[in-house]
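Each chain is listed here by its residues.
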Amino acid sequence: MEFEPRRIEGDAKAIRNRWLKQAWGLIRRKLAMMLAACAVYAGAIELIDHHGNPSFSDPWGLLTWLAMVLAICATAPWFMAAVMSTAYAADHSRSAYALWRDLFAGPSRRVIAPVSWRAMSLYGGILCGAQVALVALAEFALVPAEPAAEMPPPVEPKGILAWLFLGLAEHVWYAVLASPLAIALAELFTIPILMRAETDRDHATRMSALGVQRNLGPIRRCYVGLPLMLMAALLPAPITILGFGFASVVVYVAYRDIFEARAESLPQRAAATQLAASSSPG
């Protein structure tokens with residue numbers, strides 16, 4: 001295994017299409033396990049999602065809302081690791097059950113747990129800060145000049161487009177304050193590096209950032225972009241989780257190309273190997 005990331009030569013669009021095609025192929029090989037992973041994560045999110053009302057007038061509701069945000073951020077790395085383990089099992093004809101058991105009761109648990117804690121403290125902390133700031137802005141900065149005056153009823157958006165723009169505006173707030181693209185890309189391959197190599201999280205994060213830097217073109221092609229991310233956030237939770245799972249498999253395929261440099265994942269090398277085999281005597 002080449003732990004040092006390499007630069008992939010070729011057209012960025014062609015590389016992206018290859019990654020997407022290979023990701024779908026891995027999902028098809030372990031479709032039942034992929035769906036099971038998504039169902040388990042959806043069930044976990046449903047259990048977490050019994051939150052209160054984010055309002056200073058309801059402190060308990062605000063605390064339960066913030067705890068929900070932290071819990072979702074903490075569980076996301078485990079879901080990514082489970083899906084990547086399933087993709088690895090499909091790629092190497094392994095048992096996904098055994099890899100899942102190792103993930104939650106073996107060596108993999110010890111390397112994913114710090115990532116989970118960091119996601120909860122860093123991303124969850126930023127999200128909670130953004131939510132508190134939004135509630136404070138709504139409750140204190142936007143109060144009417146004459147509190148005694150009767151407030152007009154709130155304006156309800158009319159039509160699907162109005163609701164869409166309202167939802168996009170809310171998600172833009174979180175995208176700007178809570179989802180710095182540079183941090184997300186820098187940690188893109190941290191989980192698979194930790195799962196497949198004996199290293200610490202800091203080194204894995206540096207290697208991940210270097211791999212992203214050397215292959216930003218095809219990675220950017222795979223990245224759906226902020227507008228589509230915002231649209232996906234408006235979809236029902238099960239569809240969003242399926243998209244998250246597919247994206248995790250794409251990350252595994254890209255990691256395999258960038259860090260492992262396997263011949264079967266490189267069409268030009270595979271073609272050369274096939275040509276050499278066909279031209280050999282006997």
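Residues numbered from 1 in each chain as written. Predicted model: local features only at pLDDT ≥ 70, side-chain atom pairs only at ≥ 80, totals over all residues. Heavy atoms only, no water.

## Side note on the overall build of the chain
A tally of helices and strands in the chain yields 13 helices and zero strands. Listing each helix as α and each strand as β along the chain from the N terminus yields α-α-α-α-α-α-α-α-α-α-α-α-α. Pairs at least 24 residues apart make up 77% of the contacts formed inside the chain by residues separated by at least 6 positions. Total accessible area computed for the chain in this model is approximately 16100 Å², and 67% of it derives from carbon and sulfur atoms. (Helix = DSSP H or I, 4+ residues; strand = E, 2+ residues; numbered from the N terminus. Contact = heavy atoms within 4.5 Å. Areas by Shrake-Rupley, 256 points an atom, 1.4 Å probe, with all protein chains shown as cover.)

## Structural notes on the confidence of the model for the chain
The pLDDT averaged across the chain works out to 77; a share of 70% of its residues lies at or above 70. Of all secondary-structure elements in the chain, the lowest mean pLDDT belongs to helix α13 (residues 267-279), at 49, while helix α1 (residues 12-29) reaches the highest, 93. Contacts for the low-pLDDT stretch residues 174-182, under 50 throughout, to residues beyond four places or in other chains number 13 contacts. Scored below 50 in pLDDT, residues 270-282 makes one contact in the model with residues more than four places away or belonging to other chains. (pLDDT = per-residue confidence, 0-100.)

## Structural notes on the packing of aromatic side chains
With the rule as written, the count across this model stands at seven aromatic pairs. Seen from their ring centres, Y41 and F244 are 6.4 Å apart, and the 65° between their planes marks the pair as edge-to-face. Placement of the pair is Y41 in helix α2 (residues 31-48) and F244 in helix α12 (residues 237-260), with a sequence separation of 203 residues. Here F244 falls in the partly exposed class, since its relative accessible area comes to 25%. Within the aromatic cluster, the residues linked to one another by ring pairs are Y41, F79 and F244. (Phe/Tyr/Trp six-rings, centres within 6.5 Å; stacked < 30°, edge-to-face > 60°. Buried < 20%, exposed > 50% of the residue type's maximum accessible area, 1.4 Å probe, protein only.)

## Details of α1
Between its terminal C-alpha atoms α1 stretches 26 Å, which fits the 26 Å expected from 18 residues at 1.5 Å a residue. Inspection of α1 places A12, I15, R16, R18, W19, Q22, A23, L26 and I27 among the buried residues, and these make up the whole buried set. Two to three positions downstream of the cap, the backbone nitrogen of K13 sits 3.2 Å from a side-chain oxygen, assigning the N-cap of α1 to D11. (Expected span 1.5 Å × (residues − 1). Polar contact = N/O pair within 3.5 Å; in protein donor to acceptor, adjacent residues only side chain to side chain.)

## A few points about the environment of G43
Assignment of secondary structure puts G43 in helix α2. On the accessibility criterion, G43 (33% relative accessible area) is partly exposed. Placed 195 residues apart in sequence, G43 and P238 show a C-alpha to C-alpha distance of 9.6 Å.

## A few points about a nonpolar patch on the surface
On the surface, L31, L35 and L242 cluster together into a nonpolar patch covering about 260 Å² of accessible area. By the element assignment, L31 lies in helix α2. Accessibility expressed as a relative area gives 40% for L31, which makes it partly exposed. (Patch = residues over 30% accessible without salt bridge, like charges linked within 9 Å, V, L, I, M, F, W, Y side chains within 5 Å. Salt bridge = Lys/Arg side-chain N within 4 Å of Asp/Glu carboxyl O.)

## Notes on helix α3 (residues 59-92)
The first and last C-alpha atoms of α3 sit 50 Å apart over 34 residues, in line with the 50 Å expected at 1.5 Å per residue. With 24 of 34 residues buried, α3 lies mostly within the body of the structure. Count one or two residues on from α3 and you reach S93, which has phi positive near 55°.

## Comments concerning the pattern of salt bridges
Under the defined criterion, the tally for this structure stands at four salt bridges. Across the salt bridge formed by E4 and R214, the nearest N and O atoms sit 3.9 Å from each other. With a gap of 210 residues between them, E4 in the segment before α1 and R214 in helix α9 (residues 201-214) connect regions that are remote in the sequence. By relative accessible area, R214 is classed as partly exposed at 28%. Between D257 and R18 there is a salt bridge; the shortest N-O distance is 2.6 Å.

## Regarding the packing of α2 against α3
Two measures define how a pair of helices packs: the angle their axes make with one another and the distance between the axes. Between α2 and α3, whose axes approach to 10 Å, the crossing angle comes to 170°. In terms of axis orientation, α2 runs roughly antiparallel to α3. Across the interface between the two elements, M33, M34, A37, C38, Y41, I45 and I48 from α2 touch M68, A71, I72, T75, A76, F79, V83, T86 and A87 from α3. Classifying every residue of the contact of α2 with α3 by side-chain character gives 14 nonpolar, two polar and no charged. (Axes fitted to C-alpha atoms, helices over the stretch in contact; angles between N-to-C directions. Parallel < 35°, antiparallel > 145°, perpendicular 65-115°, else oblique. Nonpolar A, V, L, I, M, F, W, Y, C, P; charged D, E, K, R; others polar.)

## So, the nonpolar core
Counting residues in each nonpolar core, the largest one holds 49 residues, and the members touching the most others are W19, F189, I191, V249 and Y252. At the level of elements, α1, α2, α3, α4 (96-105), α5 (107-141), α8 (190-196), α9 and α12 are the ones that each hand at least two residues to this core. Element by element, the count of residues in this core is highest for α3, at 12 residues. Filtering out sequence-adjacent residues up to four positions away, F189 remains in contact with S208, V212, I219, V251, A254, Y255, I258 and F259. Judged by nonpolar contacts, the second largest core, of eight residues, contains L62, M68, V69 and C128. (Core = buried A, V, L, I, M, F, W, Y, C linked by side-chain atoms within 4.5 Å.)

## A few points about the environment of I193
Mapped onto the elements, I193 comes out in helix α8. The buried category is assigned to I193, whose relative accessible area is 0%. As for I193 and Y252, which are separated by 59 residues in sequence, their C-alpha atoms are 9.8 Å apart. Those residues in contact with I193 that sit more than four places away from it in its chain are F3, T199, A204, M207, S208, Y255 and F259.

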